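What follows is each chain in one-letter form.
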Amino acid sequence: MFKLLNLDRVNYLGRRLDKKMFYDNGDFSKEDKKIFIDYIDRIEMSYLINSTNLNIQPFINDEYYYKAIAYLKITLKQDGKLDQISKIINNTIPNPIVIIYELENKYKISTAIKRLSKSEKDKTVIEEIRSTPWLDINNLKDNEKIFIESISLNKLPYTNLFDFYKVMNDKIYIFEKSLEFGEYKDINNKEELRLNKEISEKIEKLEVDLKKTISKLKRENQFAKKMELNVKATQLQKEIDELKNSL
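Just so you know, these numbers come straight off a predicted model, no measurement behind them.

1. Notes on the packing of aromatic side chains
In step 1: What the rule picks out here adds up to 11 aromatic pairs.
In step 2: Arranged with centres 6.2 Å apart and planes meeting at 65 degrees, the rings of Y64 and Y66 form a pair that is edge-to-face.
In step 3: Overall, the relative accessible area of 13% leaves Y64 in the buried class.
In step 4: Classification of Y66 by relative accessible area gives buried; the value is 2%.
In step 5: Between the aromatic rings of Y64 and F162, the centroid separation amounts to 4.6 Å while the plane-to-plane angle is 35 degrees, which identifies the pairing as tilted. Note that Y64 is positioned in the loop between β3 (59-60) and β4 (65-66) and F162 in helix α5 (residues 161-181), a separation of 98 residues in sequence.

2. A short note on unusual backbone geometry
In step 1: A positive phi angle, near 50 degrees, is found at E104, a position not held by glycine.
In step 2: Along the chain, the position of E104 falls in the loop between β6 (97-103) and β7 (106-116).
In step 3: Residue N105 is not a glycine yet carries a positive backbone phi of 65 degrees.

3. What about the pattern of salt bridges?
In step 1: Summed over all chains, the structure comprises 11 salt bridges.
In step 2: Between R42 and E44 there is a salt bridge; the shortest N-O distance is 3.4 Å.
In step 3: E44 sits in the buried class, given a relative accessible area of 3%.
In step 4: A salt bridge links K166 to D170, with the shortest nitrogen-to-oxygen separation between them at 3.0 Å. Residue K166 and its partner D170 are both found in helix α5; the two are separated by 4 residues, about one turn of the helix.
In step 5: Given a relative accessible area of 30%, K166 falls into the partly exposed group.
In step 6: Connected via shared salt-bridge partners are E128, R130 and E201.

What counts as what
- Residues numbered from 1 in each chain as written.
- Predicted model: local features only at pLDDT ≥ 70, side-chain atom pairs only at ≥ 80, totals over all residues.
- Heavy atoms only, no water.
- Phe/Tyr/Trp six-rings, centres within 6.5 Å; stacked < 30°, edge-to-face > 60°.
- Buried < 20%, exposed > 50% of the residue type's maximum accessible area, 1.4 Å probe, protein only.
- Helix = DSSP H or I, 4+ residues; strand = E, 2+ residues; numbered from the N terminus.
- Salt bridge = Lys/Arg side-chain N within 4 Å of Asp/Glu carboxyl O.

Below you can see the structure in the form of structure tokens.
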């Protein structure tokens with residue numbers, strides 16, 4: 001996976017991170033520790049991206065601190081609890097990280113946009129976490145090949161480290177949604193990517209609303225109310241279809 005992401009352009013670190021480093025964190029619960037023991041075999045810092053090894057500047061302001069981006073490889077014992085593991089690791093490590101999960105030659109890539117906490121020094125707050133489905137690098141589909149190339153070092157913007165990371169994060173989200181909405185397209189224009197993400201997020205919200213409306217419709221007994229819900233469901237479906245066609 002690292003080679004497909006063109007990470008061989010920078011030095012490989014291969015630095016193992018002891019799980020005790022996470023256990024000693026004050027916010028680490030007994031449940032968190034059990035998840036680490038049951039699901040994680042090994043945590044490795046594989047690569048570090050910064051202005052020293054790539055021609056890319058840090059991005060630091062009152063909200064974000066992007067001085068370096070770490071690529072972690074987490075070898076798993078079994079599948080499961082990955083959303084919780086991603087949250088635990090991102091809460092423990094304040095710096096931006098790209099997590100690459102490995103299980104039986106399959107890989108899952110996870111990112112998290114984090115901002116500086118306004119109430120606690122040296123702490124960050126997770127704004128959003130994104131994750132790909134499992135990718136079998138020995139049997140990649142065409143859209144998966146296009147996606148992986150789109151988040152490689154050769155394809156991400158070098159304006160600054162925040163743009164670099166955010167574009168990767170947005171592309172992961174769009175790829176995930178393309179499995180539901182249609183074909184994945186690599187978008188390099190920053191504004192077009194932002195609009196595409198906004199449309200995908202709107203579709204996601206409308207589909208939740210549609211499911212709730214249909215559920216109410218099934219439970220409703222009054223004819224007038226059923227008609228009203230039918231009309232709403234039809235309008236929602238029409239809007240969803242129009243938005244999907246615009247992608």
